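# Examination of the molecular architecture
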Amino acid sequence: MYEKEVKLKLEYNSNNKEKQMSLSTNLEANYILNDIVNFTNYDDETGIKTTMPVNQSGSWNATGMLLFNKPLGTYFQINNYSQMAMKNNIGFSTINSYSTSQKTVATTLSLKEEVGVTFKWDWIYLMTKANYQLGNTTYSVESMLPKSTSSLGGFVNAQFTLPHSWVISSTLNYRKLAGFSETFNQDEMIWNAEISKNFLKEKRGNLTLLLNDILQQQLSINQVVSSNYVEDQQFN
């Protein structure tokens, strides 16, 4: 049987141009029918172990998001981003090499909250954000321990528009990770800087000097959660 996916998406957007306020929210969910997973059978009499693909329904995930922006006086604006996601991943796992696979359900709950303040005045633009992210994965099999991760961070961006079409900007992005593999449980500070200038008639030309990860601390990690394991991966 072929794998099928049922999707649901709801959205709501509100934009008050007079008050410069905006509100956006959405909900996305999907359910997988006949997901293809590996099943292992062990024959006690012959000692033969056979692994084959089988169809399994029941895996699903759902994500909800809320984004809100509101001005504070003439120069300031606050924004808030909230997200909650839940994932149910069904598969099969074996306790040892002499056992038949048993059904395993991995349930992952993740939460994210981010609050920011923006300041705009003439040639100065400043933005600062604070965020916290939490993830927790539990398994239906008692021998598989739960996995929890967290990330606490902040973000600062400064941009200065100078005479003669010069623009100087810099960003600092900080994260403190916990619950990942020992290699990645550390602080991360990413510093980027940019200098640009517009030229030619009607400023159609642009020259930019961009410096990324000046401190060379970017970890570039991604966590993969399946029905029977959690793996932290590093990418370029």
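Now for a description of the structure that goes with this document. (Residues numbered from 1 in each chain as written. Predicted model: local features only at pLDDT ≥ 70, side-chain atom pairs only at ≥ 80, totals over all residues. Heavy atoms only, no water.)

## Overview of the pairing of strand β3 (residues 35–42)
Here β3 runs beside strand β4 (residues 49–56); their pairing, made up of eight bridges, is antiparallel. Bridge assignment links Val37 to a residue of β4, and that residue is Val54. As consecutive antiparallel partners, β3 and β4 are separated by six residues, and within that stretch Gly47 has a phi angle of approximately 75°, a positive value. (Pairing = 2+ DSSP bridges. Helix = DSSP H or I, 4+ residues; strand = E, 2+ residues; numbered from the N terminus.)

## Comments concerning the pattern of salt bridges
Counting across every chain of the model gives six salt bridges. For Arg204, the salt bridge is made with Glu202, and the minimal N-O distance between the two is 3.1 Å. We note that Arg204, like Glu202, is exposed. A cluster of three or more residues bridged by salt bridges with shared partners is formed by Lys9, Glu11 and Glu28. (Salt bridge = Lys/Arg side-chain N within 4 Å of Asp/Glu carboxyl O. Buried < 20%, exposed > 50% of the residue type's maximum accessible area, 1.4 Å probe, protein only.)

## Quick look at the layout of surface pockets
Looking at the second largest pocket, its volume works out to about 190 Å³. Lining the second largest pocket are 15 residues, with Lys112, Glu114, Asn131, Asn173 and Arg175 positioned closest to its centre. In terms of residue class, the lining of the second largest pocket is built from four nonpolar, six polar and five charged. (1 Å grid on protein atoms, 1.4 Å probe; cavity = no way out; pocket = protein on both sides within 12 Å on 5 of 7 lines; lining within 4 Å. Points joined across faces, edges and corners; volume = space filled by probe spheres on them. Nonpolar A, V, L, I, M, F, W, Y, C, P; charged D, E, K, R; others polar.)

## So, the side chain of Asn30
Mapped onto the secondary structure, Asn30 falls in strand β2 (residues 21–33). Asn30 gets classed as buried once you look at its relative accessible area, which sits at 14%. In this structure the side chain of Asn30 is engaged in a polar contact, spanning 2.3 Å, whose partner is the side chain of Glu5. In this structure the side chain of Asn30 is engaged in a polar contact, spanning 2.7 Å, whose partner is the side chain of Asn61. (Polar contact = N/O pair within 3.5 Å; in protein donor to acceptor, adjacent residues only side chain to side chain.)

## Things to note about the packing of aromatic side chains
Summed over the entire model, instances satisfying the criterion amount to three aromatic pairs. Here Tyr75 and Phe119 contribute two aromatic rings whose centre-to-centre distance is 6.1 Å and whose plane-to-plane angle is 50°, an arrangement assigned as tilted. Residue Tyr75 is located in the loop between β5 (60–72) and β6 (76–93), and its partner Phe119 is located in strand β7 (residues 102–121); the two are separated by 44 residues in the primary sequence. A relative accessible area of 39% places Tyr75 in the partly exposed class. Residue classification places Phe119 among the partly exposed positions, given a relative accessible area of 21%. (Phe/Tyr/Trp six-rings, centres within 6.5 Å; stacked < 30°, edge-to-face > 60°.)

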